[in-house]
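Understanding the architecture of this molecule
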Amino acid sequence: MSMTKPELDDAAIAEIVRGLDPVDWVQVRLIANLPPDRRIVPSMRAQAFAMAALRGTLRRRYPDLTRSELNMKVLAHFTPVRMLPS
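Summary of the structure given here. Each chain has its residues counted from 1, running along the sequence as written. Confidence filtering applies because this is a predicted model: local features only for residues at pLDDT of at least 70, side-chain atom pairs given and counted only at 80 or more, and all residues used for totals across whole chains, interfaces and linings. Computation of side-chain values covers all heavy atoms of the structure but excludes hydrogens and water.

Numbering goes from the N terminus for both helices and strands, where a helix is a DSSP run of H or I of at least four residues and a strand is a run of E of at least two. The number of helices and strands found in the chain is four helices and zero strands. Taken across its 86 residues, the chain has 7% of its residues classed as buried. We call a residue buried when its accessible area falls under 20% of the maximum for its residue type, exposed when it is over 50%, and partly exposed in between, using a 1.4 Å probe and counting protein chains only.

Structure below.
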């Protein structure tokens, strides 16, 4: 069984774009002028912030889980694995 992605029509794409924030061109230019090794730092900080926020939410939702178990839930959220039918 083959899995295919659904095609998006113009209306679906327009709806997605309407939900996005406007581009901050000043920020884009600033990041573009950074050397490649420094360009990734803002993304890594944003990812760390998102993971910490989710970890805090999960800690309140599942107070009995260990730190390792919470971390596994965070990783499961950010790295979904899809099993393909055999």
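This next bit is on the packing of helix H3 (residues 36-61) against helix H4 (residues 67-78). In this analysis, axes come from line fits to C-alpha atoms, helices being fitted only over the stretch in contact, and the angle between any two N-to-C directions falls in the range 0 to 180 degrees. Taken N-terminus to C-terminus, the directions of H3 and H4 make an angle of 125 degrees; their axes are 9 Å apart at the nearest point. It follows from the interaxial angle that H3 and H4 lie oblique. Crossing hand, H3 versus H4: right-handed. Contacts between H3 and H4 pair Ala-50, Met-51, Leu-54, Arg-55, Leu-58 and Arg-59 from the former with Leu-70, Asn-71, Lys-73, Val-74, Leu-75, His-77 and Phe-78 from the latter. Angles below 35 degrees are treated as roughly parallel, those above 145 as roughly antiparallel, those between 65 and 115 as roughly perpendicular, and all remaining angles as oblique. For a crossing to be left-handed, the near helix must be turned anticlockwise from the far one by less than a right angle; the clockwise case is right-handed. Note on contacts: a residue pair is in contact if any heavy atoms of the two residues lie within 4.5 Å.

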